[in-house]
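Fold and geometry: a report
Take a look at the letters that make up each chain.
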Amino acid sequence: MSEIVAARTPSHSRIALASVTARSQANLLGTVHGGEVVKLADSAAGVVAQRHSGGPAVTAALDEMAFLAPVHVGDIVRTYAQVNWAGTSSMEIGVRIETEPWDAPEEPRHVGSAYFVFVAVDSSGGARRVPTLEPETDEDRRRMAEARIRRAHRLARRREIEESRLSP
């Protein structure tokens, strides 16, 4: 993991993906199953992680997924994703999920947000270096600061759990 990679900006790998939901994605309540929404968000995050890192990257964690409103069968679902933070081999990707009915264009509705952690991998499955992240806007800097807080919480939680296993 010694290769130095030039820094990249969030706009380098930022994407928007859209799809129309189907009945096969519905849960028992007739709305789209939450797992289907997570899958769409993970797909968008994966594209961003691979673009930013310049190669394969795998989902390491779903740090948070907030469902704000249901997604209905037939809705157009749009996912907006970008790198919020990049470390040595890992990246936090933020995803915003919006919907609108397929048959009645209206103001998009924010239905969910997620934070994924991806790790860039080499051909043998080991971690590889990713480019550092150079924020371009105040919004990018805010996202990076908040991502650092989430990372610190993840690491502190992991340490606390490991320490609890050592004590009787």
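The rules behind these values
- Residues numbered from 1 in each chain as written.
- Predicted model: local features only at pLDDT ≥ 70, side-chain atom pairs only at ≥ 80, totals over all residues.
- Heavy atoms only, no water.
- Phe/Tyr/Trp six-rings, centres within 6.5 Å; stacked < 30°, edge-to-face > 60°.
- Buried < 20%, exposed > 50% of the residue type's maximum accessible area, 1.4 Å probe, protein only.
- Lys NZ or Arg CZ within 6 Å of the ring centre and 35° of its normal.
- Helix = DSSP H or I, 4+ residues; strand = E, 2+ residues; numbered from the N terminus.
- Contact = heavy atoms within 4.5 Å.
- Polar contact = N/O pair within 3.5 Å; in protein donor to acceptor, adjacent residues only side chain to side chain.
- Salt bridge = Lys/Arg side-chain N within 4 Å of Asp/Glu carboxyl O.
- Pairing = 2+ DSSP bridges.
- Core = buried A, V, L, I, M, F, W, Y, C linked by side-chain atoms within 4.5 Å.

Take the packing of aromatic side chains next. Applying the stated criterion across every chain, the model contains one aromatic pair. For the ring pair Phe 116 and Phe 118, a centre distance of 6.3 Å and an interplane angle of 50° mean the geometry is tilted. Under the relative-accessibility criterion, Phe 116 is labelled buried at 2%. In this structure, Arg 150 is placed above the aromatic ring of Tyr 115, and the distance from its NZ or CZ to the ring centre is 3.6 Å.

A few words now on the environment of Thr 21. By the secondary structure assignment, Thr 21 is in the loop between β1 (15-20) and α2 (34-53). The class for Thr 21 is buried, based on a relative accessible area of 6%. Separated by 91 residues in sequence, Thr 21 and Gly 112 place their C-alpha atoms 15 Å apart. In contact with Thr 21, other than residues within four places in its own chain, are Val 32, Val 71, His 72, Val 73, Gly 74, Asp 75 and Val 77. A polar contact of 2.8 Å, which involves the side chain of Thr 21, links it to the backbone nitrogen of Gly 74.

Taken as a whole and assessed by the stated rule, the structure comprises ten salt bridges. Residue Arg 142 is joined to Glu 139 by a salt bridge in which the shortest nitrogen-to-oxygen separation is 2.5 Å. In this pair, Arg 142 and Glu 139 are both assigned in helix α3 (residues 138-166), three residues apart and thus about one turn of the helix distant. For Arg 143, the salt bridge goes to Glu 139, with nearest N and O atoms at 3.7 Å. Of this pair, Arg 143 and Glu 139 both sit in helix α3, four residues apart, roughly one helical turn. The class for Glu 139 is partly exposed, based on a relative accessible area of 38%.

Residue position: Gln 25 is located in the loop between β1 and α2. Counting along the chain gives ten residues from Gln 25 to Gly 35, while the straight-line C-alpha distance between them is 9.0 Å. With near-sequence residues (within four places) excluded, Gln 25 lies in contact with Val 20, Thr 31, Val 32, His 33 and Glu 36. A distance of 2.8 Å separates a polar side-chain atom of Gln 25 from the backbone nitrogen of Ala 22. Engagement of the side chain of Gln 25 in a polar contact is seen with the side chain of Glu 36, the distance being 3.4 Å.

Of all twelve residues in strand β3 (residues 75-86), ten are buried, a share of seventy percent or more. Bridge analysis of β1 against β3 gives six bridges, and the strand direction is antiparallel. The residue of β3 that forms the bridge with Val 20 is Ile 76. Here β3 runs beside strand β4 (residues 90-101); their pairing, made up of eleven bridges, is antiparallel. Pairing of Gln 82 across the sheet is with Gly 94, part of β4. Counted along the chain from β3 to the antiparallel partner β4, the turn is three residues long.

A word on the nonpolar core. Counting residues in hydrophobic clusters, the biggest one holds 29 residues, and the most contacted among them are Ala 81, Met 91, Ile 93, Val 95, Ile 97, Phe 116 and Phe 118. Mapped by element, the contributors of at least two residues to this core are α2, β2 (57-67), β3, β4, β5 (109-120) and α3. Of all the elements, α2 adds the most residues to this core, at six residues. Beyond its immediate chain neighbours, meaning those up to four positions away, Ile 93 contacts Ala 45, Val 48, Ala 49, Ala 81, Gln 82, Val 83, Asn 84, Ala 114, Tyr 115, Phe 116 and Phe 118.

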